[in-house]
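# A look at the structure
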Amino acid sequence: METSSPLLNTIKPKPLARADKHIWGIFIALCLISVIELYSASSREVASSSIGVVGPILRHLMMLGAGALLTWFIARRHYSDVVIFTVVFSVISAVAMIYVMFCGNYVNGARRSFSLLGIGVFPAEMVKISAVLLIALVMSLNQDKKNGGITLTGVMWSGVIIIFFSGLLIEQGLTNTLLLLAITYSMMVISGVRWRHMFAMTGFFLLCGLIFGLYLYFTEVRGSIAADASQNVELTEGAEKTGGSRIATWMARVERHNDDKRPKWELEPTGINRQEVLSYWAQAHGGIHGVGPGNSREAARLPLAFSDYIFAIVVEELGLIGGIAVVVLYLWLLARAAGIASRCSITYPALIGMGMAVMIAFQALFHIAIVTGIFPVSGQPLPLISKGGTSIIVTCIAFGIMLSVSRTATRTGNKKQDISEEKAALPEQLREENSMQL
């Protein structure tokens with residue numbers, strides 16, 4: 001007689017295959033590009049401190065090494081372990097984010113981090129992966145057995161999760177909130193959420209956004225937009241601001257992005273637009289083939305070249321060809337994850353695998369759109385390439401989860417015994433057959 005499995009079952013089916021070689025290959029390729037480009041992009045950091053020429057790259061190598069070990073460890077685990085990890089990590093992320101909102105360190109005009117054993121921790125990166133994992137779990141627990149897709153209850157709970165985490169992220173920057181919404185809608189489409197439910201959720205999001213926008217306007221902006229914007233538009237790493245309105249910053253950036261219709265390369269750098277103009281010059285300098293690794297001209301002048309603007313250095317040194325290759329790597333990851341998800345017999349591993357790939361790919365596309373001038377200026381690291389401890393660790397966790405799914409999730413068409421063993425490792429509520437729209 002079958003009994004319900006606990007949240008985390010100790011019985012694990014035997015792995016049916018090795019971890020996906022394509023995903024491992026993309027991971028290694030991004031790490032190599034990161035090491036090469038960070039060496040050039042860190043020249044400004046070296047010039048402004050006493051840490052030595054090789055200090056930044058050694059720290060980055062140590063972080064990538066730790067991240068690679070974490071990826072390997074997670075890849076060796078069964079994907080059912082992600083269930084308990086989701087709950088624990090989400091609670092830690094939310095608590096850390098709430099702490100930062102009130103007591104965090106100011107970075108680039110907002111409270112963004114706190115120090116742990118001398119290391120800066122940015123909970124916003126943790127919140128993004130927590131939200132995606134929670135949505136995947138909620139959607140998997142609320143499968144519509146009769147009509148397929150996700151039940152209305154699952155859609156409603158997903159909306160509540162997004163509103164909660166968006167509220168935590170909004171002070172960090174509007175881009176993080178928009179990124180989270182883009183990931184959520186993608187997962188809803190893939191998982192088969194009905195259009196009427198999706199439209200209803202959109203109305204709910206718009207209402208919450210309107211309420212929050214009015215709150216910000218009447219508590220922060222009222223009568224001080226112009227003065228505040230002049231102080232907040234651009235702050236380099238390490239700059240501190242102990243107050244001010246974030247909505248004024250967003251409005252100023254959007255207005256500047258829309259008003260100036262001149263070609264990007266014809267703009268003159270000022271105190272306000274210096275970062276984006278220098279990034280455009282770097283990309284134009286690279287041309288088709290690039291100037292070669294280590295030969296960047298703008299890395300020494302471009303603020304945040306090693307993080308928020310590293311794609312500009314990639315294009316300058318590797319050219320248009322190298323920039324396209326980086327984009328292809330992220331899209332290849334997304335396509336590979338979709339192929340694996342489409343062959344999973346159970347919904348949960350398919351959703352968490354796709355959720356991780358969508359998160360990485362969308363964050364990369366947001367970064368590239370900002371650096372190339374398609375989106376207004378904002379801060380968004382390029383996954384696994386930009387410098388940043390928390391961002392690298394979170395991205396490595398996402399890669400590890402995808403590799404775990406590729407290694408331990410039963411493929412459609414395998415023996416019934418294998419599928420039964422896989423289901424036995426999961427809580428009963430997560431054993432629904434894969435109905436994703438892939």
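Notes on the structure follow. Not measured: the values here are computed from a predicted model.

To continue, consider the overall build of the chain. Tallying secondary structure elements over the chain gives 15 helices and three strands in all. Long-range contacts, defined here as pairs at least 24 residues apart, represent 74% of the contacts in the chain between residues at least 6 apart. Surface exposure of the chain reaches about 19500 Å², of which carbon and sulfur atoms provide 66%.

Pairs can form between side chains of opposite charge whenever their charged atoms are close. Counting across every chain of the model gives six salt bridges. The shortest N-O distance in the salt bridge between Glu298 and Arg297 comes to 2.9 Å. When its relative accessible area of 0% is taken as the criterion, Glu298 is described as buried. Given the relative accessible area of 47%, Arg297 is considered partly exposed.

This brings us to the sheet that holds strand 2 (residues 110-116). The strand order across the open sheet formed by three strands is 1-2-3, and the pairing between neighbours is antiparallel. Every other strand in the sheet has two partners, leaving strand 1 (105-107) and strand 3 (119-121) as the edge strands with one partner each. Strand-to-strand twist of the sheet, defined as the mean angle between neighbouring strand axes without regard to direction, takes the value 50°. Taken together, the three bridges between strand 2 and strand 3 define a ladder with antiparallel strand orientation. For Ser115, the partnering residue across the bridge sits in strand 3 and is Gly120. Strand contacts of helix 4 (residues 81-103): strand 1 and strand 2, with the helix running at about 115° to strand 2, the strand carrying the most contacts.

What follows concerns the nonpolar core. Core analysis: the largest hydrophobic core is formed by 107 residues, its most contacted members being Ile129, Ile352, Leu384, Phe399 and Met402. For this core, the element with the most residues is helix 13 (residues 347-371), which contributes 14 residues. Every residue in contact with Ile352, bar those within four places of it in the chain, is listed here: Tyr79, Val82, Leu133, Ala136, Ile401 and Val405.

This part is about the packing of helix 13 against helix 14 (residues 389-408). Put simply, helix 13 and helix 14 touch, their axes get as near as 9 Å, and they point 145° apart. Every pair of crossing elements has a handedness; the one defined by helix 13 and helix 14 is left-handed. Across from Pro349, Ile352, Gly353, Met356, Ala357, Met359, Ile360 and Gln363 in helix 13, the residues of helix 14 making contact are Ser391, Val394, Thr395, Ala398, Phe399, Ile401, Met402 and Val405.

The next point concerns the pairing of strand 2. Pairing geometry for strand 1 and strand 2, over three bridges, is antiparallel. If you follow Asn105 over to strand 2, its bridge partner there is Ser113.

This brings us to the packing of aromatic side chains. For the structure on display, the rule yields ten aromatic pairs. Measuring from centroid to centroid gives 5.9 Å for Tyr99 and Phe114, while their planes differ by 90°, and the two rings are edge-to-face. Taken together, the positions of Tyr99 in helix 4 and Phe114 in strand 2 put the pair 15 residues apart, joining distant regions of the chain. Tyr99 gets classed as partly exposed once you look at its relative accessible area, which sits at 43%. According to the relative accessible area criterion, Phe114 is buried, its value standing at 18%. Seen in terms of ring centroids, Phe164 and Phe165 are 5.2 Å apart; in terms of plane orientation they differ by 70°. Their pairing is edge-to-face. Taking relative accessible area as the criterion, Phe164 reaches 41% and is therefore assigned partly exposed. Chaining the aromatic ring pairs together yields one cluster made of Trp24, Phe27 and Phe399.

Our next topic: helix 1 (residues 21-41). An ideal rise of 1.5 Å per residue puts 30 Å on 21 residues; helix 1 measures up with 30 Å between its terminal C-alpha atoms. Restricting attention to buried positions, one finds in helix 1 the residues Ile23, Ile26, Phe27, Leu30, Cys31, Ile33, Ser34, Glu37, Leu38, Ser40 and Ala41.

Let us now look at the packing of helix 7 (residues 174-191) against helix 13. The interhelical angle for the contact between helix 7 and helix 13, taken along N-to-C directions, is 140°, at an axis separation of 10 Å. Taken together, the axes of helix 7 and helix 13 lie oblique to each other. Remark: the crossing between helix 7 and helix 13 carries right-handed chirality. On helix 13, the residues that touch Thr175, Leu178, Leu179, Ala182, Ile183, Ser186, Met187, Ile190 and Ser191 of helix 7 are Leu351, Met354, Gly355, Val358, Met359, Phe362, Gln363, Phe366 and Ile370. The residue inventory of the contact of helix 7 with helix 13, partitioned by class, reads 13 nonpolar, five polar and no charged.

Another point: the side chain of Arg194. With respect to the secondary-structure elements, Arg194 resides in the loop between helix 7 and helix 8 (195-221). Of note is the side chain of Arg194, whose polar atom sits 3.1 Å from the side chain of Asp144. Once residues lying within four places of it in the same chain are set aside, the contact partners of Arg194 are Asp144, Asn147, Gly148 and Ile150.

On to unusual backbone geometry, then. Residues apart from glycine generally show negative phi values, whereas peptide bonds are mostly found in trans. Its identity as a non-glycine residue notwithstanding, Leu304 has a phi of 60°, on the positive side. By the secondary structure assignment, Leu304 is in the loop between helix 11 (274-286) and helix 12 (310-342). Look at Leu384: it is not a glycine, yet its phi comes out positive at around 70°. Relative to the helices and strands, Leu384 is located in the loop between helix 13 and helix 14. For Leu384, a relative accessible area of 0% puts it in the buried group.

Moving on, we come to the environment of Leu318. By secondary structure assignment, the location of Leu318 is in helix 12. Classification of Leu318 by relative accessible area gives partly exposed; the value is 26%. Separated by 29 residues in sequence, Leu318 and His289 have C-alpha atoms that sit 6.0 Å apart. Not counting chain neighbours up to four residues away, the residues in contact with Leu318 comprise Glu37, Ile288, His289, Gly290 and Pro293.

Before going further, it helps to spend a moment on helix 14. For helix 14, with 20 residues, the first-to-last C-alpha span of 28 Å sits near the 28 Å given by 1.5 Å per residue. Burial within helix 14 is extensive, with 18 of its 20 residues counted as buried.

What counts and what doesn't
- Residues numbered from 1 in each chain as written.
- Predicted model: local features only at pLDDT ≥ 70, side-chain atom pairs only at ≥ 80, totals over all residues.
- Heavy atoms only, no water.
- Helix = DSSP H or I, 4+ residues; strand = E, 2+ residues; numbered from the N terminus.
- Contact = heavy atoms within 4.5 Å.
- Areas by Shrake-Rupley, 256 points an atom, 1.4 Å probe, with all protein chains shown as cover.
- Salt bridge = Lys/Arg side-chain N within 4 Å of Asp/Glu carboxyl O.
- Buried < 20%, exposed > 50% of the residue type's maximum accessible area, 1.4 Å probe, protein only.
- Pairing = 2+ DSSP bridges.
- Axes fitted to C-alpha atoms, helices over the stretch in contact; angles between N-to-C directions.
- Core = buried A, V, L, I, M, F, W, Y, C linked by side-chain atoms within 4.5 Å.
- Left-handed = near helix turned anticlockwise from the far one by under 90°.
- Phe/Tyr/Trp six-rings, centres within 6.5 Å; stacked < 30°, edge-to-face > 60°.
- Expected span 1.5 Å × (residues − 1).
- Parallel < 35°, antiparallel > 145°, perpendicular 65-115°, else oblique.
- Nonpolar A, V, L, I, M, F, W, Y, C, P; charged D, E, K, R; others polar.
- Polar contact = N/O pair within 3.5 Å; in protein donor to acceptor, adjacent residues only side chain to side chain.

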